[in-house]
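Tertiary structure, described
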Amino acid sequence: MKYKIALFITVFSMFSLFAQQLAIPYRDGKNWGVSDVNGNLILPALYDSVTFDTNDGYNQEILFTELKGKKGLIVKGVEVFKPEYLSIVFVHNIYIATKEANNQYELHIADQTGKEVLDHSFVMLTSLKQHIFYTNVQTEKGGSSRSIQNYLVTLSLINRDNKKSVLVWDVQQSKIVQWLFKDYYSISDPGYYDYSALQYRYKTKAESPLQEQLFTVKEGQFVVAPPLKKEVLSEILIPKEEHSGSSRGSGTGNGSGSGKGGRGSGSGKVSEEYSESIGLRSDYDMVVESPSIKGDPDSDISLVAPNEVPVKEKPKEYVSKTVEYSLLNSKIIFETTLRNNPKVKGATEVSLKGKISDVKLNNIGYTEVKSTKADTIFYYKNFVTYRNGAKYGVLLGDDSSKTREFDTLIVKQYTSHLEFRGKLSFLVGNKDKKTKKFKWSIMDSDLEMKFPFDYDQIIDNNPYGGEDLNQWTAIVDGKYGIINPNGTVLLAPEYDEIVSKKNSFGRNVFLQMRKGNLYGVYIRERDKKIEIYPALYPYPIDKIYFNYPFQKDGFSELTKEQKEQSIMLFSLINEQGKPMGYANKNGTFYFKN
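Before going into details, it helps to say that this report is about the structure given with it. Please read these numbers as outputs of a predicted model, since none were measured by experiment. Here, residues in each chain are numbered from 1, in the same order as that chain's written sequence. Where local features are concerned, this predicted model is filtered to residues with pLDDT of at least 70; where side-chain atom pairs are given and counted, the filter is 80 or more; whole-chain, interface and lining totals use all residues. Excluded from the side-chain calculations are hydrogens and water; all other atoms, namely the structure's heavy atoms, are used.

1. Description of the sheet that holds strand β29 (residues 408-413)
Between any two strands, pairing holds if DSSP finds at least two bridges. Here a strand is any run of E in DSSP of at least two residues, a helix any run of H or I of at least four, and the numbering for each starts at the N terminus. Pairing within the open sheet is antiparallel, and its three strands lie in the order β29-β30-β31. Of all strands in the sheet, those with a lone pairing partner are β29 and β31 (438-444), marking the two edges. Across the sheet, the mean angle separating the axes of adjacent strands is 20 degrees when strand polarity is ignored. In this structure, β29 lies alongside strand β30 (residues 424-431), joined through six bridges in antiparallel fashion. Residue pairing across strands places Ile-410 opposite Leu-427, the latter belonging to β30. Lines fitted to C-alpha atoms define the axes here, with helix axes fitted over just the stretch in contact, and angles between the N-to-C directions of these axes take values from 0 to 180 degrees.

Here it is in structure tokens:
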């Protein structure tokens, strides 16, 4: 049985035949199975758990099952390995599954489709090494060629009769392309730093002499390389009798071995306290564009009558100066330097009135704060904060009459986002005379107030410990909303709680909203698009799979086809962090209690 909440009437293209074939973990009470995108079971709920891959790129088409402590594997909705293995890992497009049989470990190796690639199992993996090679590919229409990076992986294996073999795996083709050695008496593992050439020492039989062979990669395969400088070979190999059938352990060598894999981890950390640190970062904000209007000083064009010939005005010329404050015998000195001629300098003393104390120079990190006055643009390298009796003030400029003072003041400095680069924000508060409690607002780097003093608390949202200056939680009378330092109310204060969470991959931050016992999501994308999903989910949101089953790594874009074939998926947990199921953004729940 599935529960649906109708949020949208439009039928999206993502619910195509492809989307219906997506495999999603489905919880039925305490057991787990796999369903399609509509919540129809593909595999019955017989497992203790079904989790996504958390290894080697978070391949979301891979699901790991667990039943009575044993692990299994599902690929694209098809059960590849039943839950009878001690561990299963996926690395370099290889599945390596380990189970115990007849008091001995067995290793089974399969390609990315789940098809086993060996005709018999091995008992130990002693080395797994990755090797990079490049191939030249001709561009379209006979253009110049370009180089593509590919990988080969060597796996050193011991089989059931204690013979040793070394195979070569092509990661791109996901198949075995070579056997360097097969069923030898003994073979040394390559050294950790053997990348330009692989050096093996081996015996074909017990009575055979110790020999040496070098390999290098050429045109996508390993070829025999010239021998190194002749040395006396030592008996470095373990005698055959030490590989007894009763030995236990899977071994790891220089690769993944058979270490445990396939368990997801990490819950979104919550940060509700604001920081006073300087030099922090943020990645998201909203830009509201307005049409160009005649006379708008920020517009590149003007609106004119149909028959009027527009006259392009000569841009106004500004003088650019760098500003840096200094203290000389407790006096504040406003120093300027002409940016196109650093030899031209000026200095002015700025006098503050009142009971001035705790004068501090605050450095501006990474980018300078820009301010325009008449025909001059000032680029500030630092600014001044101070106390005037019980008040706290900030000075930006050489006019002491334009300082701003408050009962409390916290500096919020932005350093990376394009819209806020070269700006400061100040979280400022004044104590209400009647309630004796603080009311808060935001002031920008031009010392202008962006909101009335209406908020009981303002919290910056970034679980990394820094400040996300484009979406702050604002609290009024116990209700939570979202604002930004431009003076925009992004979400009215109507929620019981809003917390910032960190996604384990993909985009960094999302906000979880709670109304009563239901939860919603506020997402801020890098393209300035805001997505809000109302508080309709019965459990807290742990992670967001933005383009399930495809993983966007932040450096590459999804194709148009991938976007059409993907859905947004939320993973849900209870207050104790236990997985409770999944839901999509349209309100389909992949669980029942």
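2. Comments concerning unusual backbone geometry
For residues that are not glycine, phi is negative in most cases, and the peptide bond is trans in most cases. Cis geometry marks the peptide bond from Tyr-548 to Pro-549; its omega dihedral reads 5 degrees. Look at Lys-76: it is not a glycine, yet its phi comes out positive at around 55 degrees. Looking at the secondary structure, you find Lys-76 in the loop between β7 (70-75) and β8 (78-85). In this structure Lys-76 comes out as exposed when scored by relative accessible area, which is 55%. Buried means the residue's accessible area, taken with a 1.4 Å probe over protein chains only, is under 20% of the maximum for its type, while exposed means over 50%, and partly exposed covers the values in between.

3. Observations concerning the sheet that holds strand β5 (residues 49-52)
Read across the open sheet, the four strands follow the order β5-β6-β7-β8; overall the sheet is antiparallel. Where the open sheet ends on each side, the last strands, each with one partner, are β5 and β8. On average, adjacent strands in this sheet sit at an angle of 20 degrees to one another, irrespective of strand direction. With six bridges connecting them, strand β6 (residues 62-67) and β7 associate as antiparallel partners. Counted as the bridge partner of Phe-64 is Leu-73 from β7.

4. What about the pattern of salt bridges?
The term salt bridge refers to a side-chain nitrogen of Lys or Arg lying within 4 Å of a carboxyl oxygen of Asp or Glu. As enumerated under the stated definition, the model contains 14 salt bridges in all. One salt bridge in this structure joins Lys-439 and Asp-456, with 2.6 Å as the shortest N-O distance. Within this pair, whereas Lys-439 is found in strand β31, its partner Asp-456 is found in the loop between β31 and β32 (457-460), the two being separated by 17 residues in sequence. Accessibility expressed as a relative area gives 23% for Lys-439, which makes it partly exposed. The exposure class assigned to Asp-456 is partly exposed, which follows from its relative accessible area of 27%. A salt bridge links Lys-450 to Asp-444, with the nearest nitrogen and oxygen atoms 3.6 Å apart. Judged by its relative accessible area of 26%, Lys-450 is partly exposed. Here Asp-444 falls in the buried class, since its relative accessible area comes to 13%.

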